[in-house]
Amino acid sequence: MLTGRCHCGAAHWTLEGDPGSITACNCTLCSRYGALWAYDYVDERIRVSGPMRAYRRAGKDAPSLEILFCPTCGCVLAWRGLRSSTTGRTRIAVNVRLAPPEAVADLAIDHFDGLETFEDLPGDGRCVRDMWF
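Residues numbered from 1 in each chain as written. Predicted model: local features only at pLDDT ≥ 70, side-chain atom pairs only at ≥ 80, totals over all residues. Heavy atoms only, no water.

(A) Highlighting the pattern of salt bridges. In the structure shown here, the tally under the stated rule is seven salt bridges. Ionic pairing is found between Arg-56 and Glu-66, a salt bridge with its closest N-O pair at 3.1 Å. Placement of Arg-56 in strand E6 (residues 53-56) and of Glu-66 in strand E7 (residues 65-69) is noted, with a sequence separation of 10 residues between them. (Salt bridge = Lys/Arg side-chain N within 4 Å of Asp/Glu carboxyl O. Helix = DSSP H or I, 4+ residues; strand = E, 2+ residues; numbered from the N terminus.)

(B) Expanded view of the environment of Arg-45. Along the chain, the position of Arg-45 falls in the loop between strand E4 (37-41) and strand E5 (46-49). Take Arg-45: its relative accessible area is 26%, and that puts it in the partly exposed class. Put simply, Arg-45 and Glu-16 are 29 residues apart on the chain and 5.0 Å apart in space, counted from C-alpha to C-alpha. Once you skip the residues sitting within four places of it in the chain, Arg-45 turns out to touch Thr-14, Leu-15, Glu-16, Gly-17, Asp-18, Pro-19, Tyr-39 and Asp-40. Among the polar contacts made by the side chain of Arg-45, one reaches the main-chain carbonyl oxygen of Glu-16 at a distance of 2.6 Å. (Buried < 20%, exposed > 50% of the residue type's maximum accessible area, 1.4 Å probe, protein only. Contact = heavy atoms within 4.5 Å. Polar contact = N/O pair within 3.5 Å; in protein donor to acceptor, adjacent residues only side chain to side chain.)

Dropping the structure here:
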């Protein structure tokens, strides 16, 4: 199980099982936050807890997700979808930069163009340690 905590320790997340590859996105939010994301569904393999505030993208009529952050120290913990799928599941991703470095260092990175094409970018063989340490 992976765990991540904000800087002050008040809010945290857990991810059970293999996190798979980690996503680095270049959208206007992710590039500012510097987050690296591991995905699943709300209250399935990922659980978030503690005090959190949510930010929904300003100027967007129907945002598809919200960013969850600690109201005390400001660390970005996760993003959560605002609409459930037809099966009733809601996507969520946690920021693996809040996990202990040794627990995530070797996880492969997938690059995603959330800025222009909304498509996966070619892999370059990097892992979390290459983008972090």
